Amino acid sequence: MDKLNSIPHSRAQMNGKQVVVVPAKTVINFKSGFDKKGLCDGPTFSTGSACAYTCSFCYVPAVMRRNPHGLDRSLKHEDIVVRRENSVEVLRRQLTRANGSPRVTGSEEAGRVVFSSPLVDVAANMDLVRETIEACRVIMELTPWTIRLLSKSNLLPKVAEGLADPAIKHRVIYGVSTGTLDDRLAQAFEGGTPRVSKRIQSIRWLQDNGFRTYGMICPSLPLGSQEEYRVFARECAEKLRAERMEHVWAEVINVRGESFERTEAALRTAGFDREADRLRSVSLGTPDSKRAWEDYARWTFEAHAEVYANSPGKLRFLQYVTNPTRAWWAARGAQGAILL
Ligand code: SF4
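How each quantity is defined
Residues numbered from 1 in each chain as written. Predicted model: local features only at pLDDT ≥ 70, side-chain atom pairs only at ≥ 80, totals over all residues. Pairing = 2+ DSSP bridges. Helix = DSSP H or I, 4+ residues; strand = E, 2+ residues; numbered from the N terminus. Right-handed = clockwise from strand over helix to strand, strands pointing away. Buried ≥ 20, exposed ≤ 12 C-beta atoms within 10 Å, placed from the backbone. Contact = placed C-beta atoms within 7 Å. Near = placed C-beta within 6 Å. Nonpolar A, V, L, I, M, F, W, Y, C, P; charged D, E, K, R; others polar. Axes fitted to C-alpha atoms, helices over the stretch in contact; angles between N-to-C directions. Parallel < 35°, antiparallel > 145°, perpendicular 65-115°, else oblique. Left-handed = near helix turned anticlockwise from the far one by under 90°.

**Q** Got a minute to help me understand the pairing of strand β7 (residues 113–116) in this structure?
**A** Successive side chains on a regular strand alternate, one facing one side of the sheet and the next facing the other. Note that β7 and strand β8 (residues 146–151) share four bridges and pair parallel. Along β8, the bridge assignment pairs V113 with T146. On the question of chirality, the crossover connecting β7 to the parallel β8 by way of helix α3 (residues 126–142) is right-handed.

Structure, rendered in structure tokens:
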């Protein structure tokens, strides 16, 4: 395999944010819990802990509030990029026994899926593209796993080009995530991400060039009527060419606390008052608002389920349930509902 340039860890800035490099003992999490979402069979890997993008709804700042890297508390998570020092070497170490042999072997490991990343975008710039390629190559060298990559970048084809050798090409599944097809709306509540239309072009390029793909239609916002959800689901399937995808995940927006305030404010700042009002109306916590939230989730699910009705197993709709709502969702597992 080609020798890639080593990854520069000393850049002061990445996507306009300050880069902080932290020592790290791990890059792979062998028991992540992401198997509950159907995204992997347990393991995930992450070469960083704070993303180069700044989506208003991102859950990672809340996860990182306990400050596992002991960072200066004056640094706000969303304002910095956190990279794990020598991440590819750490990954190799985690996958290798003391005698140098691979740690992850055996027929039960073959075909297991590892997901990246639960914490950052894997292709937000070319440095991260190169790092992701190196990490994937180490995983493919030392394990029989399949790798699932998720990104909001249009640079995913660059990762694919680095992993296009026919001997390994089939071991990676690529997905781009978006909760809207509207470039302006996406720019309002994501942050620093490439346009959705560019992402769609990139997933189509991957499909046209024989790479495995999946969809991630999330986080999608509340709409005005049940029919609007149907139109949205159909348009997403068409634009993403879902018929060529192995699976399609979908999820409504789950914003809480600061991420709710950030998202509502971001929508209003960009002039999307109607969208901000709808989001507020389903998030107030009152009995009416809770019912509206449940309608929003159910209508989103039903719209996607209708699109994939003839493709059993393709839709994986992620839904946080409560005691009163659990039974409704549990009855729809065959249509793709995954209860969280
Ligand atoms: S791309 Fe993902 S990880 Fe990065 S800020 Fe957006 S939601 Fe968070």
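That covers the picture; the talk isn't over yet.
**Q** Please explain the environment of V248 as it appears in this structure.
**A** By secondary structure assignment, the location of V248 is in strand β11 (residues 248–252). Judged by local crowding, V248 falls into the buried class, with 25 C-beta atoms found within 10 Å. Separated by 25 residues in the primary sequence, V248 and D273 place their C-alpha atoms 29 Å from one another. Setting aside anything within four residues of it in sequence, one finds V248 in contact with Y214, G215, I217, A242, Y308, K314 and L315.

**Q** Looking at this model, I keep getting lost on the site of the ligand. Mind explaining?
**A** Around the ligand, a shell composed of C51, Y53, T54, C55, C58, V60, V120, D121 and K152 is seen. Considering only residue class, the shell around the ligand consists of six nonpolar, one polar and two charged.

**Q** I tried to follow the sheet that holds strand β5 (residues 48–50) on my own but got confused; where do I start?
**A** By way of backbone hydrogen bonds, the strands of a sheet pair with one another, either parallel or antiparallel. Ordered in space as β1-β2-β6-β5, the four strands form an open sheet in which the pairing is mixed. Two strands close off the open sheet at either side, each with one partner strand: β1 (13–14) and β5.

**Q** How should the packing of helix α8 (residues 258–269) against helix α9 (residues 273–281) be read in this particular structure?
**A** When two helices pack together, their arrangement is given by the angle between their axes and by how far apart the axes lie. Between α8 and α9, the least distance of the axes is 7 Å, while the angle of their chain directions is 160°. Considered as vectors, α8 and α9 are oriented roughly antiparallel to each other. α8 and α9 meet at a crossing whose hand is left-handed. Every residue of α9 that contacts α8 at T263, E264, L267 and R268 is listed here: D273, E275, A276, L279 and R280. Looking at the contact of α8 with α9 residue by residue, the class counts come to three nonpolar, one polar and five charged.

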